[in-house]
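The chain contents come next:
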Amino acid sequence: MSAAQIRITTHDTPPADLPAGTVVVDCTNPSLDLHGHRREIDDRATAGQTRIDVLAHGPAADVAQAVARLTADLTALDHYVTHHRHIPQEG
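Since this is a predicted model, take the numbers as computed values, not measurements.

A. Representation of the pairing of strand β3 (residues 51-57). For β3, the tally of buried residues reaches 6 of 7 residues, placing the bulk of the element in the interior. Relative to β3, strand β1 (residues 5-11) is paired through 7 bridges, and the arrangement is parallel. By the bridge assignment for β3, I6 is matched with I52.

B. Structural view of the packing of helix α1 (residues 34-46) against helix α2 (residues 60-76). Following both chains from N to C, one finds α1 and α2 inclined at 40 degrees, their axes separated by 10 Å at the closest point. When the axes of α1 and α2 are compared, the pair comes out oblique. For the element pair α1 and α2, the recorded crossing hand is right-handed. Each of L34, R38 and I41 in α1 lies in contact with α2, whose residues at this interface are A66, R69, L70, D73 and L74.

C. Inspection of the nonpolar core at higher detail. The biggest cluster of nonpolar side chains holds 18 residues, and the ones touching the most others in it are I6, V25, I41, I52 and V54. Elements with a contribution of two residues or more to this core: β1, β2 (23-26), α1, β3 and α2. The dominant element in this core, judged by the number of residues it contributes, is α2, at 5 residues. When sequence neighbours within four positions are dropped, the list of residues in contact with I41 reads I6, V23, I52, V54, L70 and L74.

D. Up close: the pairing of β2. Only one face of β2 is buried: it carries V23 and V25, and the other face, with V24 and D26, is open. As judged from the 4 bridges shared by β2 and β3, these two strands associate in the parallel manner. Directly across from D26, in β3, lies its bridge partner H57. At this point the chain moves from β2, through α1, to the parallel β3, and the crossover so formed is right-handed.

Conventions and cut-offs
All residue numbers here refer to positions counted from 1 along the written sequence of the relevant chain. At least 70 in pLDDT is required for a residue's local features to be given in this predicted model, at least 80 for side-chain atom pairs to be given and counted, and no such filter applies to totals for whole chains, interfaces and linings, which use all residues. Heavy atoms throughout the structure, all of them, feed into the side-chain values; hydrogens and water do not. Think of it in three bands: with a 1.4 Å probe and only protein chains considered, a residue is buried below 20% of the maximum accessible area for its type, exposed above 50%, and partly exposed in between. In DSSP terms, a helix is any run of H or I states spanning at least four residues, a strand is any run of E spanning at least two, and both are numbered starting from the N terminus. Pairing between two strands requires that DSSP report at least two bridges joining them. Here the axes come from fitting lines to C-alpha atoms, over the contacting stretch only for helices, and the angles between their N-to-C directions go from 0 to 180 degrees. In what follows, roughly perpendicular refers to angles from 65 to 115 degrees, roughly parallel to angles under 35, roughly antiparallel to angles over 145, and oblique to any angle outside these ranges. Note on convention: the crossing is left-handed when the near helix lies turned anticlockwise from the far helix by less than a right angle, right-handed when the turn is clockwise. Here, two residues are considered to be in contact whenever any of their heavy atoms come within 4.5 Å of each other. Within this scheme, the nonpolar core is defined by two criteria: the residues are buried Ala, Val, Leu, Ile, Met, Phe, Trp, Tyr or Cys, and they are joined through side-chain atoms within 4.5 Å. Place the viewer so that the strands point away; then a crossover is right-handed whenever the path from the first strand over the helix to the second strand goes clockwise.

Next comes the structure, spelled out in structure tokens:
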């Protein structure tokens with residue numbers, strides 16, 4: 001299996017126009033299951049999906065922690081996090 005390219009975007013609140021198939025990590029959820037999200041991303045990569053979009057949203061500190069954990073996990077699985085950008089709150 002070749003390494004999947006993971007593109008992580010962070011946002012204060014989820015935008016209304018998410019691309020289809022985006023993995024949404026809701027960091028406002030107190031029972032956030034990062035293991036489940038990592039497994040979903042890994043399953044997609046194992047199935048041959050070469051680019052996977054991930055959106056993490058919520059409070060900045062929680063998002064930063066979730067992104068750091070996901071990035072470490074995905075790197076350990078030989079997936080490549082190609083891009084990480086933050087979209088600031090609109091308004």
